[in-house]
Amino acid sequence: MKRAWQRMLSGRRLDLLDPTPVDIEIEDIARGLAFVARWNGQTVGEHAYSVAEHSLLVETLFCRIAPRSDAKWRLAALLHDAPEYVIGDMISPVKAAVGPGYEALDVRLTAAVHIRFGLPAAIPANVKKQIKKADKVSAWMEATQIAGFSQDEADRFFGKPDPELMTGLTITLRPPLQTRDAFTARHAALLKEMS
């Protein structure tokens, strides 16, 4: 069989087809996500808008949607795109074209990440639905603020979000290492709250 693992800067060797929680480190996830561009890099600004930055925004929006949620579900929101640190970010139409193989890989990686950080392999449907809602609001904000979509166009693709959810929030574009550090710090704060 050909190599199906990725060597991480931490020294871990992650098997992409059969990932184990012991081979997952937050520093690898944070660095990888900080260097993966959303929207295939087709955004305005001096820096790419990274999956790490997106994940921080989704967790913030999730907290507004479910303000009484446990820290573990806020952590799940932060980590909702964690597998993309090794498989990259694809726009939804491409994921659909790739088919069920991509989804199966994503599910296995997500389960390993969740277990590594004390979450259930699969999160409850109601929590997953709230995270998905936060993800769609984030996509709408990104589309209209940095990806060149009109509001009408974003409404068609992502749904019209509740304006109150977005009050005071703007898309942030930071250098990758700054975003990595913010992601890692938020992860540590949530883990501390869970203990």
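Residues numbered from 1 in each chain as written. Predicted model: local features only at pLDDT ≥ 70, side-chain atom pairs only at ≥ 80, totals over all residues. Heavy atoms only, no water.

Participant: Please clarify how the packing of helix α3 (residues 71–78) against helix α10 (residues 176–194) should be interpreted in this entry.
Facilitator: Pairs of packed helices are described in terms of their axes, by the angle between the two and the distance that separates them. As a packed pair, α3 and α10 sit with axes 9 Å apart at the nearest point and diverge in direction by 160 degrees. Considering the angle they form, α3 stands roughly antiparallel to α10. You can see that α3 and α10 cross each other, and the crossing is left-handed. Contacts between α3 and α10 involve Ala71, Lys72, Arg74, Leu75 and Leu78 from the first element and Phe183, Arg186, His187, Leu190, Leu191, Glu193 and Met194 from the second. The residue makeup of the contact of α3 with α10, split by class, is 7 nonpolar, 1 polar and 4 charged. (Axes fitted to C-alpha atoms, helices over the stretch in contact; angles between N-to-C directions. Helix = DSSP H or I, 4+ residues; strand = E, 2+ residues; numbered from the N terminus. Parallel < 35°, antiparallel > 145°, perpendicular 65-115°, else oblique. Left-handed = near helix turned anticlockwise from the far one by under 90°. Contact = heavy atoms within 4.5 Å. Nonpolar A, V, L, I, M, F, W, Y, C, P; charged D, E, K, R; others polar.)

Participant: Any chance you could explain a nonpolar patch on the surface here in plain terms?
Facilitator: On the surface, a cluster of nonpolar side chains totalling about 210 Å² of accessible area is made up of Ile91, Val94 and Val98. Here Val98 is to be found in helix α5 (residues 92–98). Take Val98: its relative accessible area is 46%, and that puts it in the partly exposed class. (Patch = residues over 30% accessible without salt bridge, like charges linked within 9 Å, V, L, I, M, F, W, Y side chains within 5 Å. Areas by Shrake-Rupley, 256 points an atom, 1.4 Å probe, with all protein chains shown as cover. Salt bridge = Lys/Arg side-chain N within 4 Å of Asp/Glu carboxyl O. Buried < 20%, exposed > 50% of the residue type's maximum accessible area, 1.4 Å probe, protein only.)

Participant: Help me understand the nonpolar core in this model?
Facilitator: Within soluble globular proteins, side chains that are nonpolar tend to cluster in buried spots. The biggest cluster of nonpolar side chains holds 56 residues, and the ones touching the most others in it are Ile29, Leu79, Met141 and Phe183. Taken together, the elements giving at least two residues each to this core come down to α1 (26–34), α2 (51–65), α3, α4 (84–87), α6 (100–116), α7 (125–145), α9 (163–166) and α10. The dominant element in this core, judged by the number of residues it contributes, is α2, at 8 residues. When near neighbours in sequence (up to four residues on either side) are disregarded, Ile29 contacts Ile24, Ala82, Tyr85, Val113, Phe117 and Phe183. (Core = buried A, V, L, I, M, F, W, Y, C linked by side-chain atoms within 4.5 Å.)

Participant: What am I meant to see in the pattern of salt bridges here?
Facilitator: Side chains bearing opposite charge may pair, as long as their charged atoms lie close to each other. Within the structure shown, the criterion is met by 8 salt bridges. Where Glu25 meets Arg12, a salt bridge forms, and the shortest distance between an N and an O atom there is 2.9 Å. Here Glu25 is found in the loop between β2 (13–15) and α1, whereas its partner Arg12 is found in the loop between β1 (5–7) and β2, with 13 residues between them in sequence. Using a relative accessible area of 14% as the deciding quantity, one classes Glu25 as buried. One continuous salt-bridge network, built from bridges that share partners, spans Arg12, Glu25 and Arg116.

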